[in-house]
Amino acid sequence: MKEATPMAGTLIPPTLNKRPVNNNKGPKQTAPQEMECTPANQDKSPPKKKKAPSKPSTLESADLFKATTEGVSREVSMLASKFAEVLRERAAADTSQMKELEGILAEARNLESYLKEKKNHLRQTLALISDKLLG
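Residues numbered from 1 in each chain as written. Predicted model: local features only at pLDDT ≥ 70, side-chain atom pairs only at ≥ 80, totals over all residues. Heavy atoms only, no water.

This part covers the overall build of the protein chain. A count of helices and strands for the protein chain gives two helices and zero strands. Counting over 135 residues, the protein chain shows a buried share of 2%. As presented, the protein chain carries roughly 13500 Å² of accessible surface, and 61% of it is formed by carbon and sulfur atoms. (Helix = DSSP H or I, 4+ residues; strand = E, 2+ residues; numbered from the N terminus. Buried < 20%, exposed > 50% of the residue type's maximum accessible area, 1.4 Å probe, protein only. Areas by Shrake-Rupley, 256 points an atom, 1.4 Å probe, with all protein chains shown as cover.)

Next up on the list: the confidence of the model for the protein chain. Chain-level statistics for the protein chain give a pLDDT mean of 78 and a share of 59% at 70 or above. This model gives residues 1-7 a pLDDT under 50, and the stretch forms seven contacts once residues within four places in sequence are excluded. (pLDDT = per-residue confidence, 0-100. Contact = heavy atoms within 4.5 Å.)

In this section: the pattern of salt bridges. The tally for this structure, following the rule as stated, stands at one salt bridge. For Lys-116, the salt bridge is made with Glu-112, and the minimal N-O distance between the two is 3.8 Å. Linking Lys-116 with Glu-112, this pair stays in helix α2 (residues 58-134), spanning four residues, or about one helical turn. Among the residues examined, Glu-112 registers a relative accessible area of 45% and is labelled partly exposed. (Salt bridge = Lys/Arg side-chain N within 4 Å of Asp/Glu carboxyl O.)

Another aspect to go through is a nonpolar patch on the surface. Together, Met-98, Leu-101 and Ile-104 make up a nonpolar patch on the protein surface, roughly 300 Å² of accessible area in all. Note on placement: Met-98 falls in helix α2. The exposure class of Met-98 is partly exposed, given its relative accessible area of 48%. (Patch = residues over 30% accessible without salt bridge, like charges linked within 9 Å, V, L, I, M, F, W, Y side chains within 5 Å.)

Okay, structure coming up:
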């Protein structure tokens, strides 16, 4: 829409400025003089569109990269420490199981040796009985 410009030599007071006719085809426009005089209407005006950031500055992208890498580094460190803790627990469990198995093996060896002795003793006893019966 074209704004009406006052003719040279004639002054129009700000309160008598005419607004352009609103045909509901677009946002309501006001003359710059009227905007200066009516700050209360600025609250009712539609918000101004902000420029979409085309590209972040290299400083912002470097800061974003640094923050991302620090976050990832913390997360990796946390996962590594949890993994190390699980490995320590597993190693402790393995050690206790190994000790238990070694104890069972020692007991089995002792029992085997006792049974071998008992077997030899029984052979000797049977040999004595057999000799007495034969002789």
